[in-house]
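The primary structure of each chain is shown beneath.
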Amino acid sequence: MTKDILSLLPGEIEQELEALGEPKYRAKQIFTWLHRGARDFDEMTNLPKALREKLKSEYRLYRPRVLKKQESQIDGTIKYLWELSDGNAVETVVMSYKHGNTVCVSSQVGCRQGCAFCASTIGGLVRCLEPSEILDEVLFSQIDSGKPISNIVLMGIGEPLDNFDNVMRFLELVNHPDGMNIGMRHISLSTCGITERLDDLADRDLQLTLSVSLHAPDDETRSKLMPANRGRGVRQLMDCCRRYYEKTGRRISFEYAMIDGVNDTEKHARLLAREAKSVAAHVNLIPLNHVEERQFKPSTAGHMKAFIRILEEEGVNVTVRRRLGSDVDASCGQLRRKMQTGKDKNTSE
Ligand code: SAH
């Protein structure tokens, strides 16, 4: 079985080259080529032919294929469905903001967390993505769209903390100065709150932005919406958030999808304010995206306004996420889902 060279860091490529009897300095050349998008060793024209042949026999390279690409007519958001080497597919979204282009990447094929409002989890978890596959989402979205990527959010399909080692390695790769060189402060990681892993993440002391998908401040509501809360609970999650903030000095963001009649009452707002203040978190409200298979509806504009007013009164830092790409199914798992159920056949490119 050939090895996945794109998942290796420069120091590891050096070791591989040494074992092959090749000079170590070639590692930087190879890494640079790979992270500019070369997916055939013959493109690496500053390497001797004999070395390229050796590399071909030792390592595999794959260029993800665009299965589908949709561009929003409203705001230019681009949504990709990529085909992976084993035929599975994942979604990546490129959003343009004033401060630059942000790519939203998937970390798994499917998800095992089972959140009641989310489309990504409907078919369960198929498999974790390799570091190279997550990197390629960023790289080929940039190459294909022609939009230089300055920010990354790990908010696509999958639970990043359920693929901890590969996600940590992806971060090292994408952050590397000889690669895409995207700074940790330009990267956000979103989790449904796998508390054991949150402590591991705090130990890494990274400068990334942590988003916790809270969606409810009380165990009763949260456990109904998010199975990850069962057996852990909001208290344990808040303790983790506090430790994370103390260790890294980075403010956490709470994601809160407003669901009509479920988590949008005054009681929820007051409790949310208390929890947010206890860990100095910022609250990011998201109007729920309707998912065909799910019964939930977004909160009304009136309820949302009242909710925001309470949070502000309580002194919480709150923002409402702009909805980008609403005409291209640009939320979690919807495009892959449509492909799976065959509902999208007519519009495939
Ligand atoms: N598993 C991670 C990251 C992927 S989901 C997590 O749970 O955070 C990215 C964000 O989209 C999460 O906050 C998730 O709760 C939210 N989300 C999922 N389905 C949604 C929907 N239908 N409407 C609004 N937000 C949704």
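This text follows the structure it describes.
Rules used in this analysis
Residues numbered from 1 in each chain as written. Predicted model: local features only at pLDDT ≥ 70, side-chain atom pairs only at ≥ 80, totals over all residues. Heavy atoms only, no water. Helix = DSSP H or I, 4+ residues; strand = E, 2+ residues; numbered from the N terminus. Rg over C-alpha atoms; globule rule 2.2 N^0.38 Å. Buried < 20%, exposed > 50% of the residue type's maximum accessible area, 1.4 Å probe, protein only. Contact = heavy atoms within 4.5 Å. Areas by Shrake-Rupley, 256 points an atom, 1.4 Å probe, with all protein chains shown as cover. Right-handed = clockwise from strand over helix to strand, strands pointing away. Near = heavy atom within 4 Å. Nonpolar A, V, L, I, M, F, W, Y, C, P; charged D, E, K, R; others polar. Polar contact = N/O pair within 3.5 Å; in protein donor to acceptor, adjacent residues only side chain to side chain. Core = buried A, V, L, I, M, F, W, Y, C linked by side-chain atoms within 4.5 Å. Domains from an automatic or database assignment. Axes fitted to C-alpha atoms, helices over the stretch in contact; angles between N-to-C directions. Parallel < 35°, antiparallel > 145°, perpendicular 65-115°, else oblique. Left-handed = near helix turned anticlockwise from the far one by under 90°. Pairing = 2+ DSSP bridges. 1 Å grid on protein atoms, 1.4 Å probe; cavity = no way out; pocket = protein on both sides within 12 Å on 5 of 7 lines; lining within 4 Å. Points joined across faces, edges and corners; volume = space filled by probe spheres on them.

A.B. asks: Please clarify how the overall build of the protein should be interpreted in this entry.
C.D. replies: Helix and strand counts for the protein come out as eleven helices and 14 strands. Computed over C-alpha atoms, the radius of gyration of the protein comes to 21 Å, within 12% of the 20 Å expected from 2.2 N^0.38 for 349 residues, which places it in the range of a compact globule. Considering only C-alpha atoms, the protein reaches an extent of 70 × 50 × 40 Å along its principal axes. A burial count over the protein gives 55% of its 349 residues as buried. For the protein, long-range pairs separated by at least 24 residues make up 66% of all intrachain contacts whose partners lie at least 6 apart in sequence. Summed over all atoms, the accessible surface of the protein reaches about 15,200 Å², with 48% contributed by carbon and sulfur.

A.B. asks: Is there a simple way to think about the pairing of strand S11 (residues 209–213) in this case?
C.D. replies: Regular strands place side chains that alternate from one sheet face to the opposite one. Judged by how many residues are buried, S11 sits mostly within the fold: four of five residues are covered. The β-α-β motif built from strand S10 (residues 187–191), the intervening helix H6 (residues 195–204) and the parallel element S11 has right-handed crossover chirality.

A.B. asks: Is there a simple way to explain the site of the ligand in this structure?
C.D. replies: Around the ligand there are 18 residues in total, and Gly158, Ser190, Ser213, His215 and Asn289 lie nearest to it. Here the ligand loses 94% of its free accessible area of 530 Å² to cover by the protein chains. If you list the elements that add at least two residues to the shell around the ligand, you get S10 and strand S12 (253–258). For the shell around the ligand, the residue count by class is nine nonpolar, seven polar and two charged.

A.B. asks: What's the story with the environment of Asp42 in this structure? I'm lost.
C.D. replies: Residue placement: Asp42 occurs in the loop between helix H2 (26–34) and helix H3 (49–58). Residues Asp42 and Glu53, spaced eleven residues apart in sequence, show a C-alpha to C-alpha distance of 8.4 Å. Within the structure, the side chain of Asp42 is placed 2.7 Å from the side chain of Lys56, a separation counted as a polar contact.

A.B. asks: Please explain the nonpolar core as it appears in this structure.
C.D. replies: Note on soluble globular proteins: their nonpolar side chains tend to be buried together. Phe254, Val283 and Leu285 are the most contacted members of the largest nonpolar core, which totals 94 residues. If you count residues domain by domain, this core takes at least three from each of domain 1 (3–60) and domain 2 (100–333). Discounting chain neighbours no more than four positions away, the residues touching Phe254 are Val212, Leu214, Met238, Cys241, Leu272, Glu275, Ala276, Val279, Ala281, His282, Val283 and Asn284.

A.B. asks: Is there a simple way to explain the packing of helix H4 (residues 131–145) against helix H5 (residues 164–175) in this structure?
C.D. replies: Any two packed helices are characterised by how steeply their axes cross, that is the angle between the axes, and by the distance between the axes. Close contact between H4 and H5 brings their axes to 8 Å; oriented N to C, the two are set at 45 degrees. Overall, the two elements H4 and H5 adopt an arrangement that is oblique. Between H4 and H5 lies a crossing of right-handed hand. Within the contact between the two elements, H4 uses Pro131, Ile134, Leu135 and Val138 and H5 uses Asn166, Val167, Arg169, Phe170, Leu173 and Val174.

A.B. asks: Sorry if this is basic, but what is going on with the sheet that holds strand S14 (residues 318–320) here?
C.D. replies: The pairing of strands in a sheet happens through backbone hydrogen bonds and is either parallel or antiparallel. In space, the ten strands of this open sheet follow the order S3-S4-S5-S6-S9-S10-S11-S12-S13-S14, with mixed pairing throughout. Strands with a single pairing partner mark the edges of an open sheet, and in this sheet they are strand S3 (65–71) and S14. For this sheet, the mean inter-axis angle between neighbouring strands, taken without regard to orientation, is 25 degrees. Pairing of strand S9 (residues 149–154) with S10, which is carried by three bridges, proceeds in the parallel orientation. Paired with Ile152 across the bridge in S10 is Ile187.

A.B. asks: I'm lost on the layout of surface pockets in this one. Help?
C.D. replies: Space left empty within the atom packing is revealed by a probe, the size of a water molecule, rolled over the atoms. Here the second largest pocket is characterised by a volume of approximately 270 Å³. Residue lining of the second largest pocket: 17 residues in total, with Asp4, Tyr62, Ser85, Ser132 and Glu133 positioned closest to the centre. Considering every element that reaches the lining of the second largest pocket, the biggest residue donor is H4, with four residues. Partitioning the lining of the second largest pocket into residue classes produces seven nonpolar, two polar and eight charged. Split by domain, the lining of the second largest pocket shows at least three residues from each of two domains, domain 1 (3–60) and domain 2 (100–333).

A.B. asks: Which parts of the structure should I look at to understand the pairing of strand S4 (residues 78–83)?
C.D. replies: With respect to burial, S4 is a largely interior element, six of its six residues being buried. In S4, alternate side chains face the same way, and those of Ile78, Tyr80 and Trp82 on one face and Lys79, Leu81 and Glu83 on the other are all buried. Judged from the six bridges that link them, S3 and S4 form a sheet pairing that is antiparallel. Note that in S4 the partner of Arg65 across the bridge is Glu83. Between S3 and S4, which pair antiparallel in sequence order, lie six residues; one of them, Gly76, sits at a positive phi of approximately 80 degrees. Bridge count for S4 against strand S5 (residues 89–97) is six bridges, and the pairing is antiparallel. Counterpart to Lys79 in the pairing with S5 is Val93.

Interpretation in functional terms is not warranted from these geometric data alone.
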